[in-house]
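# Chains, contacts and geometry: an overview
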Amino acid sequence: MRSMCVLFFCVCVSMFLHHAISQPPTESDTYTECTDGYHWDPQTQHCKDINECETIPEACKGEMKCFNHYGGYLCLPRSASVIPAHDPPNQIPPGLDNQPSEPYNPCPAGYEPQGDSCVDVDECERDEHDCQPSQDCINTEGSFTCQCPGGYRKVGTECIDIDECRYRYCQHRCVNVPGSFSCQCEPGFQLAGNNRSCIDVDECNMGAPCSQRCYNTYGTFLCRCEQGYELGPDGFACKDIDECSYSSYLCQYQCVNEPGKFSCICPEGYQLLGTRLCQDINECETGTHQCADGQTCVNIHGGHQCVDTNRCQEPYVQVSDNRCVCPVTKPGCRDLPFSIVHRYMSITSERSVPSDIFQIQATSVYPGAYNTFRIRSGDDNGDFYIRQINNISAMLVLARAVNGPKEYVLDLEMVSVNPLMSYQTSSALRLTVYVGPYAF
């Protein structure tokens, strides 16, 4: 009996619904009731979803975030993301589901009929997609996808810039820009062909400001100078070194500074020996003297002297070159040396003392004779003295330092005494000593 009542109730409800649907609605029929979570939209004459996240104050509590959903809402953690689906068609009021709003499409979603077949619908071309403005719509078979451009990644529905610098793509410095990045190099380097590595820049071949020599090093360069120059405070310019100011011993006479070097010069009458020493020029050997006939050229330090070939004075007579004899037959020769020999020598200034400068040697020796040597004349200041070596020789010694130019004419006398024969005689050597103007 209970089963029959249930069956009768179902048949009655079925007949009632069939009768209600089969009756066409009149103009006065209105359906404004919607299910929970929707409200009636008079403009579209459809039920529209209610956004509870906007209408309900503090819909979600604590650290939960409100996400609107069709017919309701969800409370999820703030870190959660929801990928929204396509908006479903608005809810059709009861009793109007049999009124088609679009032509019947026998093809699957994302396709449309074309003749006897179904072809894909390009939602991207028709602008029937929901991709964000920052995203690219990519059509697929029966659907489409939203992709982010290069340099971005998809987070939820948004495209977020990828910070490529976090992955250390660059060797030196990385600069992140929206959708991309760029690599930069430290000073002294430049980007390689891969735009990521840094290679050394050869500044020397790119106009480095070195005034003389440039040496490329890793990441920089060094300036160096030629010999005779030193690097300036700026590290680029080279300035000449004044070698002459560093020492007074570089040259024997005078130092002359030149760009990058120095040279030594000698005074008149001297010539350079090597690079720094000065040597006297022997004008008598080179033939550059101006001595006349009847004169003899005597070379001295820094010059020369022209002396008469016959320097014998009365009562002496010349018997050979440089030798004069005073005849015993002349009364004036009684107290004079029997012979005078002329000799010439030159010494430098500032010579160390005492210094042996000239040796006297007897040319004639008589048996039983005793010889003594003395300075007869010419040494008024006591600058010289005689040191006798033996019976036949003696040494002229410079006793005090002298500076030139100066000239001495010394008569060096050898007195011979023979006590057995009661005989005494003497001879002299007239030595002209020229003191040069320099210590060389």
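Conventions and cut-offs
- Residues numbered from 1 in each chain as written.
- Predicted model: local features only at pLDDT ≥ 70, side-chain atom pairs only at ≥ 80, totals over all residues.
- Heavy atoms only, no water.
- UniProt positions renumbered as here; feature names shortened; annotations may be inferred.
- Helix = DSSP H or I, 4+ residues; strand = E, 2+ residues; numbered from the N terminus.
- Contact = heavy atoms within 4.5 Å.
- Areas by Shrake-Rupley, 256 points an atom, 1.4 Å probe, with all protein chains shown as cover.
- Pairing = 2+ DSSP bridges.
- Axes fitted to C-alpha atoms, helices over the stretch in contact; angles between N-to-C directions.
- pLDDT = per-residue confidence, 0-100.
- Salt bridge = Lys/Arg side-chain N within 4 Å of Asp/Glu carboxyl O.
- Buried < 20%, exposed > 50% of the residue type's maximum accessible area, 1.4 Å probe, protein only.
- Patch = residues over 30% accessible without salt bridge, like charges linked within 9 Å, V, L, I, M, F, W, Y side chains within 5 Å.
- Disulfide = S-S within 2.5 Å.

- As annotated in an unreviewed UniProt entry, the protein carries the name EGF-like domain-containing protein and comes from Pygocentrus nattereri.
- What UniProt states about the protein under its Sequence similarities (unreviewed entry) heading is, verbatim, "Belongs to the fibulin family."

### Examining the overall build of the protein
- Each helix and strand in the protein was counted, giving three helices and 33 strands.
- Long-range contacts, defined here as pairs at least 24 residues apart, represent 34% of the contacts in the protein between residues at least 6 apart.
- Total accessible area computed for the protein in this model is approximately 29400 Å², and 52% of it derives from carbon and sulfur atoms.

### Quick look at the sheet that holds strand 29 (residues 370-377)
- In space, the six strands of this open sheet follow the order 25-26-27-33-32-29, with mixed pairing throughout. Each edge of the open sheet carries a strand with a single partner, namely strand 25 (317-320) and strand 29. Taken pair by pair, the neighbouring strands of this sheet meet at an average axis angle of 30°, ignoring direction.
- Summarising the sheet, strand 32 (residues 406-418) and strand 33 (residues 423-435) pair through 13 bridges and their orientation is antiparallel. Opposite Leu-412, over in strand 33, you have Leu-429 as the bridge partner.

### Digging into the sheet that holds strand 28 (residues 355-361)
- Spatial ordering of the open sheet is given by 28-31-30, a layout of three strands whose pairing is antiparallel. A strand with exactly one partner marks an edge of an open sheet, and here the two such strands are strand 28 and strand 30 (384-388). Looking at each pair of strands side by side, their axes are set apart by 30° on average, direction ignored.
- With six bridges connecting them, strand 28 and strand 31 (residues 393-398) associate as antiparallel partners. Of the residues in strand 31, the one forming a bridge with Gln-359 is Met-395.

### Section: the confidence of the model for the protein
- Counting all residues, the mean pLDDT for the protein is 86, and 87% of those residues have values of 70 or more.
- Mean pLDDT values for the elements of the protein range from 33 in helix 1 (residues 2-22) up to 98 in strand 31.
- The low-confidence segment residues 1-29, where pLDDT is below 50, has two contacts with residues more than four positions distant or belonging to other chains.

### Description of the UniProt feature "domain: EGF-like" (unreviewed entry) in the protein
- According to UniProt, the feature "domain: EGF-like" (unreviewed entry) maps to residues 120-160, 161-199 and 240-279 in the numbering used here.
- Counted over residues 161-199, helix gives 0% and strand 41%. Its end C-alpha atoms are 29 Å apart.
- Taken end to end, residues 240-279 is 0% helix and 45% strand, and its two terminal C-alpha atoms sit 29 Å from one another.

### Remarks on the pairing of strand 23 (residues 295-300)
- The pairing of strand 23 with strand 24 (residues 303-308) spans six bridges and is antiparallel. Within strand 24, the residue paired with Thr-296 across the bridge is Val-307.
- The loop that links strand 23 with its antiparallel partner strand 24 comprises two residues; one of these, Gly-302, has a positive phi angle of about 85°.

### Some thoughts on the pairing of strand 32
- By the bridge criterion, seven bridges tie strand 29 to strand 32 in an arrangement that is antiparallel. The residue of strand 32 that forms the bridge with Phe-373 is Met-414.
- Here strand 32 folds back onto strand 33, and the loop between the two strands holds four residues, one of which, Ser-422, carries a positive phi near 50°.

### Considering the pattern of salt bridges
- Following the criterion strictly, the structure yields 12 salt bridges and no others.
- In this structure, Glu-226 and Arg-213 form a salt bridge, with 2.8 Å as the shortest nitrogen-oxygen distance. Residue Glu-226 is found in the loop between strand 16 (220-224) and strand 17 (229-231), and its partner Arg-213 is found in strand 15 (residues 213-217); the two are separated by 13 residues along the sequence.
- On the basis of relative accessible area, Arg-213 is assigned to the partly exposed category, the value being 36%.

### Considerations on the side chain of Asn-371
- Among the structural elements, Asn-371 can be located in strand 29.
- Every residue in contact with Asn-371, bar those within four places of it in the chain, is listed here: Gln-388, Asn-391, Ile-392, Met-414, Val-415 and Ser-416.

### Some details on the environment of Pro-259
- Position of Pro-259 among the secondary structure elements: in the loop between strand 19 (254-258) and strand 20 (261-265).
- On a C-alpha basis, the gap between Pro-259 and Gly-228 in space is 7.5 Å, while along the polypeptide they are 31 residues apart.

### Points about a nonpolar patch on the surface
- A cluster of nonpolar residues, Leu-420, Met-421 and Tyr-423, forms a patch on the protein surface that exposes about 410 Å² of accessible area.
- As for its position among the elements, Met-421 is in the loop between strand 32 and strand 33.

### Side note on the state of the cysteines
- The tally for this structure, following the rule as stated, stands at 20 disulfides.
- Disulfide partner of Cys-60: Cys-75, at an S-S distance of 1.9 Å. The S-S bond linking Cys-60 to Cys-75 shows a torsion near -90°; that makes this disulfide left-handed. In this pair, Cys-60 sits in the loop between helix 2 (52-55) and strand 3 (64-69) while Cys-75 sits in strand 4 (residues 72-77), placing the two residues 15 residues apart along the sequence.
- Taking the relative accessible area as the measure of exposure, Cys-60 reaches 13% and is therefore buried.
- Residue pairing for Cys-204: its cysteine sulfur links by disulfide to Cys-214, the two sulfurs lying 2.0 Å apart.

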